[in-house]
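A closer look at the structure
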Amino acid sequence: MRFQQSLFACVAPALVSAITPPSIQGMSIVFSEDFEGSAGASPKGNVWNIMDAIDTNNEVQTYTTSNQNVQISGGGTVQFVPRKSPAGTWTSGRIESKGSWTPAPGKVTKIQANILLGDNPIINKQGLWPAFWALGDAMRHGTQWPAAGEIDIMEQVNGLLTGYGTLHCGSSVGGPCNEPIGRGKATAMPADGFHVWGVTIDRTNDDWTKQTISWTLDDNTFSTVTGADINDAPTWSALAHSPLYVILNVAVGGDWPGAPNLLTLDGYGSMMEVQWVAIYSS
């Protein structure tokens, strides 16, 4: 099995120390994951659900629990690797945190991850859709999408050097989040290397209309939505006052990117690799 295309590709796994999330002045880490472990192992079963049998957005992949699709690299990262079979069917990986975290009133909450995307050329990434996002825990208790709230922290489609931060909320058509498209903004993203993507939920103002959700790339803010922008207290509460769980995955196909084509490559050059995930609170 190949454990390359990584920052640590030339370092023996036994010699690698995990890269832990950085400290942020004035904030405490309430959750962190540094993906230590042996090459080919699964992510920690007491922390993550390794998902399968998910059918959404007209995606063409099947999510599996196989280490061909989601694995610890042995170099302090987790890798999500889309695979295409000789018959032309696609598989990929998706994990969801078992825990969920509620942005505390009067506090600032940050959800961040350090992410590397595979180095296949753009022309060979049609239909690929890596993502780092948070979903309202109410989804696990019967609330329907998008009323449960969704914060997409980083999405990329078709290998283009554009990252997206998006909210999904309210009703399934229209509403404050313009469903099913969502309410989002794009930012240019670097072509290579690890980069920190994050969302900040600021509840320091008692007036919910002045509270904010902001998206960052390498600590530079590229989008902000206020409670006043959403202009609906229950909807804002679902997004900014309610428990969220974290999801990491690489989808293939679907309504947004469209289907993969004959030039789309699988494997490590099309993967998403994550060095750490952290949740901070002031």
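Residues numbered from 1 in each chain as written. Predicted model: local features only at pLDDT ≥ 70, side-chain atom pairs only at ≥ 80, totals over all residues. Heavy atoms only, no water.

Observations regarding the pairing of strand β18 (residues 272-281)
In plain terms, the rule: Exposure classes here rest on a 1.4 Å probe applied to the protein chains alone. A residue is buried below 20% of its type maximum, exposed above 50%, and partly exposed in between. Elements are defined by DSSP. Helices are runs of H or I of four residues or more, strands are runs of E of two residues or more, and each kind is numbered from the N terminus. When DSSP finds two or more bridges between a pair of strands, those strands are recorded as paired.
Here β18 lies mainly inside the structure; ten of its ten residues are buried. Sheet analysis places strand β1 (residues 28-33) next to β18, joined by five bridges and oriented antiparallel. The residue of β18 that forms the bridge with E33 is V277. With three bridges connecting them, strand β5 (residues 78-80) and β18 associate as antiparallel partners. Among the inter-strand pairings, V78 is bridged to a residue of β18, identified as V274. Judged from the nine bridges that link them, strand β9 (residues 108-117) and β18 form a sheet pairing that is antiparallel. Each residue of the ladder has a partner; that of I111, found in β18, is I279.

Brief notes about the pairing of strand β8 (residues 94-97)
Because side chains alternate across β8, one face comprises the buried residues R94 and E96, and the other comprises I95 and S97, equally buried. Examined bridge by bridge, strand β2 (residues 48-50) and β8 share three bridges and lie antiparallel to one another. Directly across from I50, in β8, lies its bridge partner I95. Sheet topology note: the β8/strand β17 (residues 244-252) ladder contains three bridges and is antiparallel. By the bridge assignment for β17, E96 is matched with I247.

Observations concerning the state of the cysteines
Stated formally: Cysteine sulfur atoms are paired as a disulfide whenever they come within 2.5 Å of each other.
According to the stated counting rule, one finds one disulfide in the structure shown. Linked covalently through their sulfurs, C169 and C177 form a disulfide whose S-S length is 2.0 Å. Its S-S torsion of approximately 100 degrees makes the covalent link between C169 and C177 right-handed. Its relative accessible area of 0% is what places C177 among the buried residues.

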